[in-house]
Every structure is written in C-alpha cells, then in structure tokens.
Number of protein chains: 2
Amino acid sequence: MTDLSDTTPEREQALNQALEALFYAFNALVAHPDAMLAEQNLSRVHHRILYFVGRNPGVSVNDLLGILGVTKQSLNAPMRRLAELGYVRADTDAADRRVRRLSLTPAGQALESVLSGDQRARFARVFARLGAADEAGWRRVMAGLAEDEGLT
Amino acid sequence: MTDLSDTTPEREQALNQALEALFYAFNALVAHPDAMLAEQNLSRVHHRILYFVGRNPGVSVNDLLGILGVTKQSLNAPMRRLAELGYVRADTDAADRRVRRLSLTPAGQALESVLSGDQRARFARVFARLGAADEAGWRRVMAGLAEDEGLT
DNA sequence: GCTAAAATGTCAACATGACTGACCTATCTG
DNA sequence: CAGATAGGTCAGTCATGTTGACATTTTAGC
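Being a predicted model, the structure only gives us computed values, none of them experimental.

*Asks:* Describe in detail the protein's contact with DNA strand C, supporting the description with residues and values.
*Replies:* Around DNA strand C lies a shell of 19 residues, among which Asn-62 and Lys-72 of chain A together with Thr-71, Gln-73 and Ser-74 of chain B are the nearest. Sugar and phosphate atoms represent 60% of those atoms of DNA strand C found within 4 Å of the protein. In the environment of DNA strand C, a phosphate oxygen lies 3.1 Å from a nitrogen or oxygen atom belonging to the backbone of Val-61 of chain A. If you list the elements that add at least two residues to the surface near DNA strand C, you get helix 3 (61-68) and helix 4 (72-84) of chain A together with helix 4 (72-84) of chain B. Considering every element that reaches the surface near DNA strand C, the biggest residue donor is helix 4 of chain A, with four residues. Considering only residue class, the surface near DNA strand C consists of five nonpolar, seven polar and seven charged.

*Asks:* Could you give me a rundown of the UniProt feature "domain: HTH marR-type" (unreviewed entry) in chain A, with the residues and numbers involved?
*Replies:* When the UniProt feature table is mapped onto this chain numbering, "domain: HTH marR-type" (unreviewed entry) sits at residues 12-147 of chain A. Between the C-alpha atoms that bound residues 12-147 of chain A the distance is 22 Å, and the span itself is 75% helix and 7% strand.

*Asks:* I'd love a proper account of the interface of chain A and chain B, names of residues and values included.
*Replies:* Contact residues are listed per partner, giving 55 residues for chain A and 55 residues for chain B. At the boundary of chain A with chain B, the tally comes to six salt bridges. For the pair chain A and chain B, the number of links is ten residue pairs in polar contact (both at pLDDT 80 or more). Within the residue set of the side of chain A that touches chain B, elements represented by two or more residues are helix 1 (9-39), helix 2 (44-55), helix 5 (106-130) and helix 6 (132-147) of chain A.

*Asks:* I'd like a description of the protein's contact with DNA strand D, backed by residues and values.
*Replies:* Looking at DNA strand D, there are 19 residues lining it, with Gln-73 and Arg-97 of chain A together with Asn-62, Lys-72 and Arg-98 of chain B nearest. In DNA strand D, atoms within 4 Å of the protein come 61% from sugar and phosphate. At a separation of 3.3 Å, a phosphate oxygen of DNA strand D approaches a polar backbone atom of Arg-100 of chain B. Contributions of two or more residues to the surface near DNA strand D are made by helix 4 of chain A together with helix 3 (61-68) and helix 4 of chain B. Element by element, the count of residues in the surface near DNA strand D is highest for helix 4 of chain B, at four residues.

Parameters and conventions
Residues numbered from 1 in each chain as written. Chains lettered and ligands numbered in written order. Predicted model: local features only at pLDDT ≥ 70, side-chain atom pairs only at ≥ 80, totals over all residues. Heavy atoms only, no water. Near = heavy atom within 4 Å. Polar contact = N/O pair within 3.5 Å; in protein donor to acceptor, adjacent residues only side chain to side chain. Helix = DSSP H or I, 4+ residues; strand = E, 2+ residues; numbered from the N terminus. Nonpolar A, V, L, I, M, F, W, Y, C, P; charged D, E, K, R; others polar. UniProt positions renumbered as here; feature names shortened; annotations may be inferred. Contact = heavy atoms within 4.5 Å. Salt bridge = Lys/Arg side-chain N within 4 Å of Asp/Glu carboxyl O.

Right under this line is the structure:
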C-alpha cells in the first residue's frame, strides 16, 4: 500500500482521493470564516492580516508585505479598512519614527479569535474524536508535503 | 493532548500550527502545477476542468457547472480555450442533441496526467516514507474535517 | 548639515476574473 | 405548436491585484 512503485489504477485512485480530501477539507475550513467576513464586506485577505498581525504584534508594514507576499499597494486598501473598522492599530516606532508597529486592538483580537477559533475548533473536535496517534500521523504527512516542495 | 477541554495556550498554538500546516501543504501542492499551467497562460480553473472531465468523461456542461460551482459565463472562456488548445472535446449526445458530452482528448489526458501526476507523486512519496499507519490517520483526519462542515 | 536611502502611503492606469442580466439558437416534450 | 431545457454569448459591473510614479517623513553616512 505504501510502495512507491505501486502504480496500479487502485493506488492512483487512492491518491486521487487524497487530493480531493485535501481540497474538501480546505474548503470546509475556510467556508464559515469566509461567510462571517463577508457580512462586514471583508475577505480572506483581511483574515490573513489579522492572523499574522495577531501572532506577530509589532511587525512593520514591510515585514507583513514579505510574509503575505503581496505588494504594498494591494495591502494598502484592506489594511486601511481594518484600521478604519478599529481592528488594527499602527503605532509609530519609538526608535525609528519611519516604522509603523502593527498590532490588533481588543476588537481586532476578538474578531480574529472568532475567525481562527472556528478553524481551531474544527481541528480540536476531529483530533479529540480520532486520538493522538491520528493527529500525529496527520501532522507528519502535512509536514512532509510542505517539505517536498523542491521536487519535480 | 486530545482533550477537547484543553484550552491552554500550548494547545492553541498546536492548533494554530495545524492550521498553518494545512495552508503550507496546500500551497506546496498547487505551486508546481500552477507554474506549469502559467506557461500556457492557463490557470487553476483549467486544471479543475481537466481533472473533473478526466474523471467523469461524458459529463454535460450543466453537470460540470454544478460540480465546479461556477456560472456558465465564467466557465465559458476557460472551456473554449481548452477546446481550442485541443485538450477537451464536446460531442453532441446521440439521444438528446441539446446536450454536449465532454471528454479529454489524448493531449488533454496527457496534460492532466502531468498536472495531477505531480500532485499524486508528492502524496505517494510522503506516504511511502511515513508508512500506512500515518497515511490512514491522515485520511481519517481529512475526512473528519470535511464532514464537520455543519457546525458553528 | 547635506544628501542618499529607507519606510510608508497614495494616485492612476491597466489586466483579470467572476458575477448578474439579457438575449439567442437549437432541441426536446407534452 | 407552446413551454421548458441545454448551451452559448454579449454587456456591464465589481473586486482585486499589478506596475509605475511620486510625495512625505525620517534616518544614516560622510
């Protein structure tokens, strides 16, 4: 079953099911947060900003551009919107006044907690039901997929 | 570790790592096919069409719209392009001449095989290295995430 | 202290892609 | 024949992302 040289139609179908499982799980995970964001006319980009600013309070705008892999022009609009809605604050750095240190307001933390919390809760329920062994196996497979990036 | 009532910061961080692992794995999986598609000015939509038509030869356009969850207007352009490039053919149904039966040409099958084959190979390598137990655990977790869709 | 460079923000022009709405042909069904 | 169905297309709109150019503020080097 785990032989690399197994190229039977059955194995190919099993791998196709793995492909589809990844896509379905991904969609299931973002569906509800996307719907909540849409109620405020926000999108997944805003969630990504909230998530990374939340986990890296004090990041500069430039750092965030690198993390998100977007241009400053495309970050500008969603970031301004998040600031207007009172979810993100940008404080001038004390030492270097050119730099803005980004952080979440309490409201921003609350929103981020609801959005990512929904996703964490999905994982928590599944992990709790299936047990530590499956969770560990899942993590090893996901890490393996991410590492494998360099190959053809 | 798998207790649902575990709301410690450590557990929350472990769940965040699970979230990130899913996103990184997803990106790693689509990166190379996306790059190959871009060389022909195609995108992920075209791959989705090739994948579903390849696994459901003879589907009607309407069926495909339902599977992909898009409008016929947005399917029209990529589908026409795939037909022009000789990857997809649309044969009139013998019984009901209103209906087009979609299928892949040999060239379309070859392209789809390269694109999805790259993704299957990534899974095959990781599964082969980690073993059947981790593969089974991974599949159970992914299935659980997809099923869990209905909750808050 | 003057100058070059860095960090940020903004404006304009353009491309993409998806959506809705409207309309059309061809075909089937009652 | 009348209405419904499968498919295709045109037009308008909207959201988002990109590049390029430019201004401001501030820092750092000489």
